[in-house]
Amino acid sequence: MRTTGMGRVIAAAAALSALLAVCGCTVQGTDADGKHHLPVRIQLPDSSTTSSGGGDAKPSATPSTVSAANVLWSRGDSGGDVRELQARLRQVDWLFDGPTGTYDDLTEEAVAGFQGKRGLPKTGETDTVTWQRLLKMTHKPGKWDLYLMGGQPAGAPDPRCLTGRVLCIDKTTRTLRWMIDGRTVSTMSVRFGAQYTPTRDGVFHVYWKARNWVSTLYHSPMPYAMFFSGGQAVHFSYDFSMRGYAGGSHGCVNVRDEAAIAELFAQVRTGDKVVVHR
């Protein structure tokens, strides 16, 4: 019995030593009377560093937090950034209007649709997460992607446009200025002839006007036609209005804003100068 009791004491001491070695316990030291005492306080290691089964460190159980994405643009905003957003939404077939540069209801609906398709909150606002996702799926728009439906700023007028009554047509910026004695009365976006039917450059004069005209060669309507060089005229184009710069004319100068060209048609006279330049 004594041998058995001593064995138990030895086994208990060994177990305690093992526990101290594994757990890194803190043991009280020697009292003032010189007697040693058993430990009364044990510091267990942090649960994040406790080894399990195969010896791998156990990950800490901290809850993950997702910070709210910052809103970049929303309904009512306008500018070049919004125009680029709209151009990129067109690339992924979520927007078919514009770009206009104004964050309108159609843009909001397009953004919400794009978000919902990708499991993002359907807010209709363009936040940083939505924007980064869209950037990865699209390429940087070119100038005429940004101004596919017009709205681009006009360039400086050609010096030949600074005197008299002039339709000053700039092929570089794709704009038409209606000018009187050097003053710009109105400006509008225009489209020119395609590769094999180019619009002629030079100085011309309006020689004939026709409110409702149909091309005798191509049988296409040419409302508000103002002829300046053979069969080439400035006129309203339904195709330009619908497709923007995705198409081209047979040599005429197309205008997509019907209200603007209707007003222009009422002001331009036969004999007024036309300057087509680059």
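Right above here is the structure, for reference.
Residues numbered from 1 in each chain as written. Predicted model: local features only at pLDDT ≥ 70, side-chain atom pairs only at ≥ 80, totals over all residues. Heavy atoms only, no water.

Description of the overall build of the protein
Defined as follows: Secondary structure elements are taken from DSSP: a helix is a run of H or I of four residues or more, a strand is a run of E of two residues or more, and numbering for both begins at the N terminus. The classification of residues rests on relative accessible area computed with a 1.4 Å probe and restricted to protein chains. Under 20% of the type maximum is buried, over 50% is exposed, and intermediate values are partly exposed. It only takes one pair of heavy atoms within 4.5 Å for two residues to be counted as in contact. A 1.4 Å probe and the Shrake-Rupley method give the accessible areas. Residues count as covered only by the protein chains that appear here.
Counting its regular elements, the protein contains 7 helices and 13 strands. Counting only residues that meet the buried cut, the protein has 36% of its 278 residues in that class. Residue pairs at least 24 apart in sequence account for 50% of intrachain contacts in the protein once pairs closer than 6 positions are excluded. Surface exposure of the protein reaches about 16200 Å², of which carbon and sulfur atoms provide 55%.

Digging into the nonpolar core
Here is the rule: What is meant by a nonpolar core is a set of buried Ala, Val, Leu, Ile, Met, Phe, Trp, Tyr and Cys residues, joined one to another through side-chain atoms within 4.5 Å.
Ranked by size, the top nonpolar core spans 23 residues in total, and within it Leu167, Ile169, Leu176, Met226, Val234, Leu264 and Val274 carry the most contacts. When contributions to this core are tallied by element, the ones reaching two or more residues are β5 (165-170), β6 (175-180), β7 (183-191), β10 (225-229), β11 (232-236), β12 (253-255), α7 (258-267) and β13 (273-277). Here this core gets 4 residues from one element, more than from any other, and that element is α7. Those residues in contact with Leu176, other than ones at most four positions away along the chain, are Leu167, Cys168, Ile169, Ser186, Thr187, Met188, Val190, Val234 and Leu264. The next biggest cluster of nonpolar side chains, apart from the first, holds 12 residues, and it includes Leu95, Ala110, Val111 and Trp131.

Observations regarding the packing of helix α3 (residues 105-117) against helix α4 (residues 128-137)
What counts is decided by this rule: Helix axes are fitted to C-alpha atoms over the stretch in contact, other axes to C-alpha atoms as well, and angles between N-to-C directions run from 0 to 180 degrees. In what follows, roughly perpendicular refers to angles from 65 to 115 degrees, roughly parallel to angles under 35, roughly antiparallel to angles over 145, and oblique to any angle outside these ranges. Each residue gets one of three labels, nonpolar for Ala, Val, Leu, Ile, Met, Phe, Trp, Tyr, Cys and Pro, charged for Asp, Glu, Lys and Arg, and polar for the others, Gly among them.
Here α3 crosses α4 at 80°, and the two axes come no closer than 11 Å. In terms of their interaxial angle, α3 and α4 are classed as roughly perpendicular. Contacts from Val111, Phe114 and Gln115 in α3 reach Thr130, Arg133, Leu134 and Met137 in α4. Here the contact of α3 with α4 is built from residues that sort into 4 nonpolar, 2 polar and 1 charged.

Some details on the side chain of Glu84
Topologically, Glu84 is positioned in helix α2 (residues 80-91). Beyond its immediate stretch of four places on either side in the chain, Glu84 contacts Trp131, Lys140, Pro141 and Leu146.

Observations regarding the environment of Val82
The topology assignment puts Val82 in helix α2. Taking the C-alpha atoms as reference points, Val82 and Thr126, separated by 44 residues in sequence, lie 9.6 Å from one another.

Some details on the pairing of β5
Selection rule: Any two strands are treated as partners once DSSP identifies two or more bridges connecting them.
The element β5 is largely enclosed, with a buried count of 5 among its 6 residues. As paired strands, β5 and β6 are joined by 6 bridges and run antiparallel to one another. If you follow Cys168 over to β6, its bridge partner there is Arg177. Hairpin remark: β5 followed by β6, antiparallel, with 4 residues in the connecting loop; positive phi at Arg174, about 55°.

Here we look at the pattern of salt bridges
As a reminder, the rule being used: In what follows, salt bridge is the name for a side-chain nitrogen of Lys or Arg lying within 4 Å of a carboxyl oxygen of Asp or Glu.
Applying the stated criterion across every chain yields a total of 8 salt bridges. Of the charged contacts, one joins Arg88 and Glu84 as a salt bridge, the two residues approaching to 3.0 Å between their closest N and O atoms. Of the two residues, Arg88 and Glu84 both sit in helix α2, 4 residues apart, roughly one turn of that helix. A salt bridge links Arg243 to Asp239; the shortest N-O distance between them is 2.9 Å. In this pair, Arg243 and Asp239 both sit in helix α6 (residues 238-243), 4 residues apart, roughly one turn of the helix. Relative accessible area serves as the criterion here: at 40%, Arg243 is assigned to the partly exposed category. When salt bridges with common partners are traced through the structure, they connect Lys171, Asp201 and Arg278 into a single cluster.

Observations regarding the pairing of β13
Of all 5 residues that make up β13, 5 are buried, and the element is covered over most of its length. Residues Lys273, Val275 and His277 point to one face of β13 and Val274 and Val276 to the other, with burial holding for every one of them. Sheet analysis places β5 next to β13, joined by 5 bridges and oriented parallel. Its bridge partner being in β13, Leu167 is matched across the sheet by Val274. Of the pairings in the sheet, the one linking strand β8 (residues 202-205) to β13 comprises 4 bridges and is antiparallel in character. Within β13, the position partnered with Gly202 by the bridge is Val276.

Here we look at the environment of Asp158
The condition is simple: Polar contacts, as used here, are pairs of N or O atoms within 3.5 Å; protein pairs need one atom able to donate a hydrogen and one able to accept it. Residues neighboring in sequence count only if both atoms are side-chain atoms.
The topology assignment puts Asp158 in the loop between α5 (143-146) and β5. Leaving out residues up to four positions away in the same chain, Asp158 has contacts with Cys168, Val275 and His277. From its side chain, Asp158 meets the backbone nitrogen of Arg160 in a polar contact 2.8 Å long.

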